Each structure stands twice: as C-alpha cells, then as structure tokens.
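Structural overview for review
Now for the letters of each chain:
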Amino acid sequence: GENVEQHPSTLSVQEGDSAVIKCTYSDSASNYFPWYKQELGKRPQLIIDIRSNVGEKKDQRIAVTLNKTAKHFSLHITETQPEDSAVYFCAASRSRDDKIIFGKGTRLHILP
Amino acid sequence: EAGVAQSPRYKIIEKRQSVAFWCNPISGHATLYWYQQILGQGPKLLIQFQNNGVVDDSQLPKDRFSAERLKGVDSTLKIQPAKLEDSAVYLCASSLVGGLEQFFGPGTRLTVL
C-alpha cells in the first residue's frame, strides 16, 4: 500500500541555522505533497505544499523541493526561530479529493 | 470564518465501553475526513465522506468503528466497544470538493483505561 517515510524523527538546530526534513513516498501516482506543522496540543496546519509539475517552491523562510524520479521531497527552513519548534508532517496524495498519507512526523527543536 | 468544530475535546472511558465524537466542518466544505493520530505518529485516515457518501473507509476497523454523515454536514464517529489501543487523538478535517487543503479541527483526545 501507499507509504510515506520521514526522517529524521527528531531534529535539534541552533536558532538562526537551517533545518531540513526529508521524505520518500512509495506511490508513483502521488502528485500532491503538503507539509503540516503541529504545535504541542494543537491541530495540524498546512504551511506549504507542492504539486508534481513543480520542482521547488518557496515561501519566505520555508521551501520545498520535489524529485519525482527518486520519489522524495524535502522541507527546508532557513534562519530558524523559536516559534519554528513543532512537529512537522510530510504527506502525499494522488489528487484532489484523494486521501492524504502522512509521514510519522519530525519533532523540530530550536535551541537558543 | 469559523473553523472545524469538534466535541468533546477530551474523553476518558474504560475498555469495552462505547464513545461517540462529533464534528462540524467549515461551512460549504463538502468533503469531511476522520483521522486517528496515535501519540508520536502522523494522522491516519479512517474515513472520508463527500457530502453524505463514503469515499474511502478502507482503514476503518469496521468491527468496532462506525461513522455517519446523514445530512452531508455534521458527522459522528463511534467506537463500540473501545479497546486500549484506541487511545489517540481523533481529528476531523474538511475541504472543498476539488480542494487540496484540508482544514483540521482541534481533535478529541480519547483515553481508554
């Protein structure tokens, strides 16, 4: 069945440094890749997404890259800040209205 | 704009008891999802509705879990009887038909003792 693997499970970076989270997916028909941020005790919220017709997308300090051939995609956060501390989930979906398969999450700690 | 509403926020029950969760999606969102999020893991889809029809319930343990969305708006998820391994946060999400972004509710944290 469809599967999304996410690494690392925990990541600690110094404030101001960059953080990278990597994911791989198994379903070659996947063409939509959202990233969700979940703060402690709160709901997941979409922070950025990318579709298969694009290799990279950037929104201020956050960027995502996608390699469809290798079936992997990554989240890059630059100039990290304390409020970036949270659990980040990557996900993959085949299309609009199709189910989203989530990775297991990466707990990001921003160290002062 | 009001978000996805869920109740209760917390529930503690003993194993073999029954429990029900309620979700009210964002107005106009025809697609509704129920997810189970076990501690330390990502959300796992249990069931997806479009209006009052089931789109995907392949991962719903149908021997004990049931869900309905009779009028195509609110939805209830029921567990009967509950097991210890059902302890998790149950998240409801909604989206527009054809929409990519899912909006999540605050979740119901279920503890089964």
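Here, the structure is the one placed above.
Now for a look at the structure at hand. The numbering scheme is per chain: residues are counted from 1 as the chain's sequence reads. Labels follow written order: the first chain is A, the first ligand is 1, and so on. Whole-chain, interface and lining totals are the exception, using all residues; otherwise, since this is a predicted model, local features are given only for residues with pLDDT of at least 70 and side-chain atom pairs are given and counted only at 80 or more. Where side-chain values are given, they derive from all heavy atoms of the structure, hydrogens and water being excluded.

Looking at the nonpolar core
- Only buried residues count toward a nonpolar core. Its members are Ala, Val, Leu, Ile, Met, Phe, Trp, Tyr and Cys residues joined through side-chain atoms within 4.5 Å. Whether a residue is buried, partly exposed or exposed follows from its accessible area with a 1.4 Å probe, protein chains only, as a fraction of its type maximum: under 20%, in between, or over 50%, in that order. In this structure, A:Trp35, A:Phe73, A:Leu75 and A:Leu108 are the most contacted members of the largest nonpolar core, which totals 24 residues.
- Those elements giving two or more residues to this core turn out to be strand S2 (10–14), strand S3 (19–25), strand S4 (32–38), strand S5 (45–51), strand S7 (62–67), strand S8 (72–77), strand S9 (86–93) and strand S11 (106–111) of chain A.
- When neighbours within four sequence positions are excluded, A:Leu108 is seen to be in contact with A:Leu11, A:Val13, A:Ala19, A:Ile77, A:Asp84, A:Ser85, A:Ala86 and A:Tyr88.
- Judged by nonpolar contacts, the second largest core, of 21 residues, contains B:Ile26, B:Ile47, B:Ala88 and B:Val112. Helix and strand labels come from DSSP, where a helix needs a run of H or I of at least four residues and a strand needs a run of E of at least two; each type is numbered from the N terminus. In what follows, residue pairs with any heavy atoms lying within 4.5 Å of each other are defined as contacts.

Some words on the sheet that holds strand S1 (residues 5–7) of chain B
All names here are of chain B.
- Taking strand neighbours across the sheet as the criterion, the four strands line up as S1-S3-S8-S7 in an open arrangement whose pairing is antiparallel. The outermost strands of the open sheet, each flanked by one partner alone, are S1 and strand S7 (65–68). Put simply, the sheet's adjacent strands are angled 15° from each other on average, direction ignored.
- By this definition, two strands are paired if DSSP reports at least two bridges between them. Taken together, the four bridges between S7 and strand S8 (residues 75–79) define a ladder with antiparallel strand orientation. What sits directly across from Ala67, in S8, is Leu77. To get an axis, fit a line to the C-alpha atoms, keeping to the stretch in contact for a helix; angles then go from 0 to 180 degrees between the N-to-C directions.

Regarding the interface of chain A and chain B
- Contact residues are listed per partner, giving 17 residues for chain A and 25 residues for chain B.
- Both sides together, the interface formed by chain A and chain B hides about 1,800 Å², and carbon and sulfur atoms give 52% of it.
- The term salt bridge refers to a pairing of a side-chain nitrogen on Lys or Arg with a carboxyl oxygen on Asp or Glu at a separation within 4 Å. Here chain A is connected to chain B by one salt bridge.
- We note a salt bridge from B:Asp56 to A:Lys99, for which the minimum N-O separation is 3.6 Å. What gets called buried area is simply the loss in accessible area from a 1.4 Å probe that two parts show on being joined, summed for both.

Description of the state of the cysteines
- When the sulfur atoms of two cysteines come within 2.5 Å, that pair is taken as a disulfide. Across all of its chains, the model carries two disulfides over all chains by this definition.
- Residue A:Cys23 pairs covalently with A:Cys90 via a disulfide, S to S 2.0 Å. The sign of the S-S torsion, about -100°, decides the handedness of the disulfide formed by A:Cys23 and A:Cys90: left-handed. Of this pair, A:Cys23 sits in strand S3 while A:Cys90 sits in strand S9, and the two are 67 residues apart along the sequence.
- A:Cys23 sits in the buried class, given a relative accessible area of 1%.
- A sulfur-sulfur distance of 1.9 Å marks the disulfide that ties B:Cys23 to B:Cys92. The sign of the S-S torsion, about -70°, decides the handedness of the disulfide formed by B:Cys23 and B:Cys92: left-handed. Taken together, the positions of B:Cys23 in strand S3 (residues 19–24) and B:Cys92 in strand S9 (residues 88–95) put the pair 69 residues apart, joining distant regions of the chain.
- Accessibility expressed as a relative area gives 0% for B:Cys92, which makes it buried.

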